[in-house]
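# Structural overview
What follows is the residue order along each chain.
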Amino acid sequence: MPSSLPPVAAIRVFEAAARHLNFTAAAEELAMTQAAVSYQIKLLEERLGTRLFVRRARGVELTEAGARLAPAVLRAFEGLRESFAALAVTSEHILSVSAVATFATTWLVPRLGFFQLAHPEIAVRLDTSNQLTDFARDSVDLGLRAGRGDWSGLAIHKLRDIAFSPMLSPALAARLGPAPKPADLLDLPLIDPSDSWWTDWFRLAGIEAGDIEERSGLHLLSQHLAARAALAGQGVAILEPAFFAEEVAAGHLVQPFSLAASSNWAYYLVYPETRRPPRKVRVFRDWIMSRLQEEAALRPDTAAREAPDPRTS
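Since the model is a prediction, treat every value here as computed from it, not as a measurement.

## A look at the packing of helix H1 (residues 8–20) against helix H2 (residues 23–30)
- Relative orientation of the contacting elements H1 and H2 amounts to 130°, with a least axis distance of 8 Å. Taken together, the axes of H1 and H2 are oblique relative to one another. Classified by chirality, the crossing of H2 by H1 is right-handed. Facing Arg12, Val13, Ala16, Ala17, Arg19 and His20 of H1, the residues of H2 in contact are Phe23, Ala25, Ala26, Glu29 and Leu30.
- For the contact of H1 with H2, the class distribution of residues is seven nonpolar, one polar and three charged.

## Structural notes on unusual backbone geometry
- In this model, Ala31 sits at a positive phi of 55°, which is unusual for a non-glycine residue.
- The topology assignment puts Ala31 in the loop between H2 and helix H3 (34–48).
- Under the relative-accessibility criterion, Ala31 is labelled exposed at 74%.
- Of note in the backbone geometry, Asp192 takes a positive phi value of approximately 55° without being a glycine.
- Inspection of the secondary structure assignment puts Asp192 in the loop between helix H6 (170–173) and helix H7 (196–204).

## A closer look at the confidence of the model for the chain
- Overall, the prediction assigns the chain a mean pLDDT of 87, with 92% of residues at 70 or greater.
- Model confidence for the chain, summarised as mean pLDDT per element, is weakest for strand S11 (residues 305–306) at 56 and strongest for strand S7 (residues 165–167) at 97.
- Contacts from residues 308–313, a stretch scored under 50 in pLDDT, to residues over four places away or in other chains number four contacts.

Parameters at a glance
Residues numbered from 1 in each chain as written. Predicted model: local features only at pLDDT ≥ 70, side-chain atom pairs only at ≥ 80, totals over all residues. Heavy atoms only, no water. Axes fitted to C-alpha atoms, helices over the stretch in contact; angles between N-to-C directions. Helix = DSSP H or I, 4+ residues; strand = E, 2+ residues; numbered from the N terminus. Parallel < 35°, antiparallel > 145°, perpendicular 65-115°, else oblique. Left-handed = near helix turned anticlockwise from the far one by under 90°. Contact = heavy atoms within 4.5 Å. Nonpolar A, V, L, I, M, F, W, Y, C, P; charged D, E, K, R; others polar. Buried < 20%, exposed > 50% of the residue type's maximum accessible area, 1.4 Å probe, protein only. pLDDT = per-residue confidence, 0-100.

What follows is the structure, given as structure tokens:
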């Protein structure tokens, strides 16, 4: 007996032929010709140095060697079928989502319970990351991204526009005085001064902020963390007011200026571009888009203005 396995294609043909005891039936199951089945069996017999089948008028019979081999091969393939079937069932009912941290923590997580109530057959596995998902490499079904929606090879669904404005604690806001101006913010510590949102907002406000990205300050690179720092009075954060309405209502955060800017950014739901995505992806896509539309209808119109691009002005 050779120490290495014979070609898997030949073993697969043997399994089907041994189960059916008929080369024609095996060929139909495997979408092959009867001649191709006979050829694979011949290759296997030559590899093993023994006959495995004897042809009869209405099919084939296993030889003594074939009868010894068949039970183990049949059990192995049955185990493979069961494993792949179990994997398919698991894959169908577990939805893996990669989401940018702020959207996940401030919007998605508080609402995931409603999705689970509506679709108890689907379990959501959430990974928060600001890194772009590589769908060819990562075991992720869909992504929730922030950007301009210019990703190739993906189905892209816009969820909501991004609008941002400076926010700070009431104690720090008191240092601005009773009639603050946008330029007064430059006298306060800024959180994430290298964030391009700061440049965009000051440009829209008509303020020359200089080399703001060179300023010292906390560099957190996350709205969620920046908001926590702002709540603690550590500085002014550039945030999306829509995500921190509760903190504003409770008096823990202040948005000193109603001006909200946009860099033509939005949140998007993305997944690999195929003819038809899996049901679990379609269900989640429809749920999140419907939920966002319902909430948008209840909010006052606070459309942001896009900061002019200095390269075109």
